[in-house]
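If you want the building blocks of each chain, they are given just below.
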Amino acid sequence: MSDKIIEMKNVNKWFGDFQVLKDVNLDVNQKQKIVVCGPSGSGKSTLIRCINRLEEHQKGSIIVDGNELTEDTKNIEKIRAEVGMVFQQFNLFPHLSILDNCTLAPIWVKKMPKKQAEELAMNELKKVQIVDQAKKFPGQLSGGQQQRSAIARALCMEPKIMLFDEPTSALDPEMIKEVLDAMVSLAKGGMTMIVVTHEMGFAKEVADEVIFMDEGMIVEKQPTKQFFANPKNDRTKLFLSQIL
Amino acid sequence: MSKINFLKPDKQNLSTYLYTGSFLFFIAVFDVFLSSFFKINITSFLPNFVSFLLPLILGIIGLHLVRIEFSGIKNLDLLNKNINTSTFNAVLTLLIIFIIIKSIPPIMSWFILDANIAGDTKEACTGSGACWTYIKIWLRRFVYGMYPNDLQWRINISFILLIALAFVGYFPSEKLRKFLTLYYVVIYPIIAFVLIYYLISGGAFGLEWVETGAWGGLSLTFIVSFFCLIFCFPVGMFLALGRRSELPTLRYISVGFIEFWRGVPLITVLFMSSVMFPMFLPEDFFMDKLVRVIIAISLFEAAYVAEVIRGGLQALPRGQYDAAKSLGMGYWKMHIFVILPQALKLVIPGIANTFLALVKDTPLIFVVGLLEIVGMLNLAKTNPKWLGFAMEGYVFAAIIFWIICYAMSRYSYNLEIKYKTER
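Residues numbered from 1 in each chain as written. Chains lettered and ligands numbered in written order. Predicted model: local features only at pLDDT ≥ 70, side-chain atom pairs only at ≥ 80, totals over all residues. Heavy atoms only, no water.

A. Representation of the nonpolar core in the model. Counting residues in hydrophobic clusters, the biggest one holds 103 residues, and the most contacted among them are F93(A), W215(B), F233(B), I297(B), I309(B), L313(B) and M329(B). Examining the composition of this core, we find that 14 residues originate from one element, helix α8 (residues 217-243) of chain B, more than from any other. With residues near it in sequence (within four places) discarded, F233(B) still touches V185(B), V305(B), I309(B), L344(B), I351(B) and F355(B). Counting residues in hydrophobic clusters, the runner-up holds 50 residues, among them C37(A), C102(A), L141(A) and V195(A). (Core = buried A, V, L, I, M, F, W, Y, C linked by side-chain atoms within 4.5 Å. Buried < 20%, exposed > 50% of the residue type's maximum accessible area, 1.4 Å probe, protein only. Helix = DSSP H or I, 4+ residues; strand = E, 2+ residues; numbered from the N terminus. Contact = heavy atoms within 4.5 Å.)

Rendered as structure tokens:
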């Protein structure tokens, strides 16, 4: 099983007394697309934030691309550079233009020459179809455009894994499609993706596996077709009946 | 024409009310104007008390008459909406107008009409107004302190250079903008120190040595505030970062430092720096008094700057930290490129506030025997040949300080606009 890129074993996490993750086990293979769904507060976001250690897990082990996540800061920075992340609130840097947002990390983290970084950024912006907005500042763009820029920014680091934390939840309905389109074409390009989302249409289209989480546990993990056709767990059934 | 009711002005007889009202209002203002500028009381035939209150009464009636809602005349509606909404507001408006008119003649006469500027002794001041001769004669001392007259060009040149270099912040291209902080925080202070050290202090390149005890006046105000400003800023920045650090030792040291300096009065700090501090130093170690004072004020103000900057850091959404981290940036890269540029931009008004306070605190250095502009004034006013002109001196200092502070506040405001981006 050499193509395992993420291995989570018995991961536990607490916020104070509250246990957010309870013995989570999850393996992700290369080029696999996984959609994580579940009611709010079920620990979905925390789960994927643990993968690039924006949150620390307190028990268990997480191995990303052969490196175990530990206290070692240099190691974490190395892993973070390989794991792209897209947030619900976009989190673009408002004081930099879209192009600078995209080139900042390649230049200063990967030490890429500025010219090359800009070419790369323009290329990625072209893929998400906002190349004409490159000189603008985030505040001047619509939500959908901002989120696509954020995807381009993450891709500029040429990551091996992309994490999406409810990328469409803060968007107006008519902008959701353009962001999902960008994600679909990224998935078709063969990226390893873990997506927290409520967009079941997207899950049906691209996911290899769907995970249902509740109260910090992975309740159900099935290939996409089975997941929607015959969910085993009662909570999954209830959730699906409400959301579909 | 409908019936005219003077208690309830309405729109039907608009022009009648308008003309009567304006006429009464102008009579009121004219009466005050005459009595203030020409000491003529046109209502002297009335009893004293009535004569005194008449302008106010006339004004109130006048403003009452023009208080017509939706008159259709734009300026009148504007007036009624903003300053003539009720009788109470009308009274306030009238009082303010009267006070302004009343106060113009005495101020004018003190500042200009009855003031003296000719001559060069105290005896030249014969008028009842200000004696600007005093300021004129002492101007060199007020500006340069005891700095030798024939060497003062050195101060002038270094200040001109420093001001020119400070304005570099206005012209960088998009490309160089990110080095601006580096320039102001590191490069500029070094240039400034070298300039002041070699040009004003002298002692090298054939320039005569002038000890810091001779420095003084406005130029000392500038030197002290200038160095304190540029030193306290980076120190404050590191303290702010330290206070938010995850390392407990660093955090407690920062908190302790900030709370210590914020808890003691500046005057004590200055006194300590000059009297107590040298006692702890080895015998042969000498540190100039001016340097000690600058360090003391810088550390004192750094504590305040730290808290202002911390406010900016806390105002940033957590997502900015997350995004920077998720791109693989370490602590310093994240702060230099993402966090600090945004946080500092947010706190420009707060920092300007602290800096203005700092400039106005500099006169306190008199407690250690350094005489900047207010110190020189105090010295000059006790000169036996020039007794009794404290007022002129303080007015002069107030004007100078106001100009400095206003310029600084405009500069900060411009920076604010320049670096404004939408969120």
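B. Structural detail: the state of the cysteines. Going through the model one piece at a time under the given rule, you end up with zero disulfides over all chains. You can see C37(A) has no disulfide; the closest cysteine sulfur is in C50(A), sitting 19 Å from it. Take C232(B): it sits in no disulfide, and the sulfur closest to it among the cysteines is that of C228(B), at 7.2 Å. (Disulfide = S-S within 2.5 Å.)

C. Molecular detail of helix α6 (residues 173-188) of chain A. Residue and element names in this part refer to chain A. Helix length check: α6 (16 residues) gives 23 Å between terminal C-alpha atoms against 22 Å at 1.5 Å per residue, within 8%. For α6, the full list of buried residues reads M175, I176, V179, L180, A182, M183, V184, L186 and A187. Among the structural elements, β3 (33-37), α5 (143-155), β7 (161-165), β8 (192-196) and α7 (200-206) are those in contact with the buried residues of α6. Just beyond α6, the residue with positive phi is G190, at close to 95°. (Expected span 1.5 Å × (residues − 1).)

D. Inspection of the pairing of β8(A) at higher detail. Residues and elements named next belong to chain A. When you tally the buried positions in β8, you get five out of five residues, the bulk of the element. The alternating pattern of β8 places T192, I194 and V196 on one face and M193 and V195 on the opposite face, and all of these are buried. Looking at chain direction, β3 and β8 are connected through four bridges and run parallel. Each bridged residue has a counterpart across the sheet, and for I34 the counterpart in β8 is I194. Once the chain exits β7 it traverses α6 before rejoining the sheet at β8, and the crossover so formed is right-handed. (Pairing = 2+ DSSP bridges. Right-handed = clockwise from strand over helix to strand, strands pointing away.)

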